[in-house]
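# Secondary and tertiary structure notes
Here is what each chain is made of, one letter per residue.
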Amino acid sequence: MITHPRTDELAESVRLWIDEIRPTLDPRNAFLARVAANAMATIARELTQGPAAEASAVAGMAGVLGHDGTFAELNSELCARIRAGELTVETPGLLTVLAAIARDQIAIDQPTYKPEGTPAP
């Protein structure tokens with residue numbers, strides 16, 4: 001098994017290379033390069049932060065639903081029960097779990113996003 005470079009390191013290297021050549025590109029291709037570099041950064045974050053975010057989501061959903069399962073199984077059931085009205089804002093822990101899942105996903109997808117009222121670092 002290859003241990004270096006790791007997948008997240010490869011994604012970061014490609015992102016850095018794209019950012020390096022971007023200033024030499026015409027405006028359209030510079031824009032497309034920026035989109036590609038942002039996608040590579042998201043991939044790197046998904047690889048490094050995704051497993052912990054998924055484990056946290058599984059633990060939270062299992063707590064609300066009262067049983068274990070895979071992420072896909074629990075997520076599917078959670079969504080179905082919310083749609084059916086079986087789980088509501090009054091369900092203990094539901095809003096806390098949904099907020100935590102959303103925060104973890106935003107940290108991966110849009111790490112510079114700060115909701116209103118959040119102090120700057």
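Just above sits the structure.
Structure report, in brief.

Parameters at a glance
- Residues numbered from 1 in each chain as written.
- Predicted model: local features only at pLDDT ≥ 70, side-chain atom pairs only at ≥ 80, totals over all residues.
- Heavy atoms only, no water.
- Axes fitted to C-alpha atoms, helices over the stretch in contact; angles between N-to-C directions.
- Helix = DSSP H or I, 4+ residues; strand = E, 2+ residues; numbered from the N terminus.
- Parallel < 35°, antiparallel > 145°, perpendicular 65-115°, else oblique.
- Contact = heavy atoms within 4.5 Å.
- Nonpolar A, V, L, I, M, F, W, Y, C, P; charged D, E, K, R; others polar.
- Expected span 1.5 Å × (residues − 1).
- Buried < 20%, exposed > 50% of the residue type's maximum accessible area, 1.4 Å probe, protein only.
- Arc of directions from axis to C-beta.

Bringing the packing of helix H2 (residues 27-65) against helix H4 (residues 94-109) into the picture now. Relative orientation of the contacting elements H2 and H4 amounts to 175°, with a least axis distance of 8 Å. Our classification of the angle between H2 and H4 gives roughly antiparallel. From H2, Thr-42, Arg-45, Glu-46, Gln-49, Gly-50, Ala-53, Ser-56, Ala-57, Gly-60, Met-61 and Val-64 reach across to H4, where they touch Leu-94, Val-97, Ile-101, Asp-104, Gln-105, Ala-107, Ile-108 and Asp-109. Residues of the contact of H2 with H4, tallied by class, amount to nine nonpolar, six polar and four charged.

A few words now on the environment of Met-61. By the element assignment, Met-61 lies in helix H2. Between the C-alpha atom of Met-61 and that of Glu-12, which follows or precedes it by 49 residues, the distance is 32 Å. Among residues more than four places away in sequence, those in contact with Met-61 are Phe-71, Leu-74, Asn-75, Leu-78, Val-97 and Ile-101.

Bringing helix H1 (residues 7-21) into the picture now. End to end, H1 covers 22 Å across 15 residues, agreeing with the expected 21 Å (1.5 Å per residue, within 8%). For H1, the full list of buried residues reads Asp-8, Ala-11, Arg-15 and Ile-18. Down the axis of H1, the sector holding all buried residues measures 85°, keeping them to one side. Against the buried residues of H1 lie H2.

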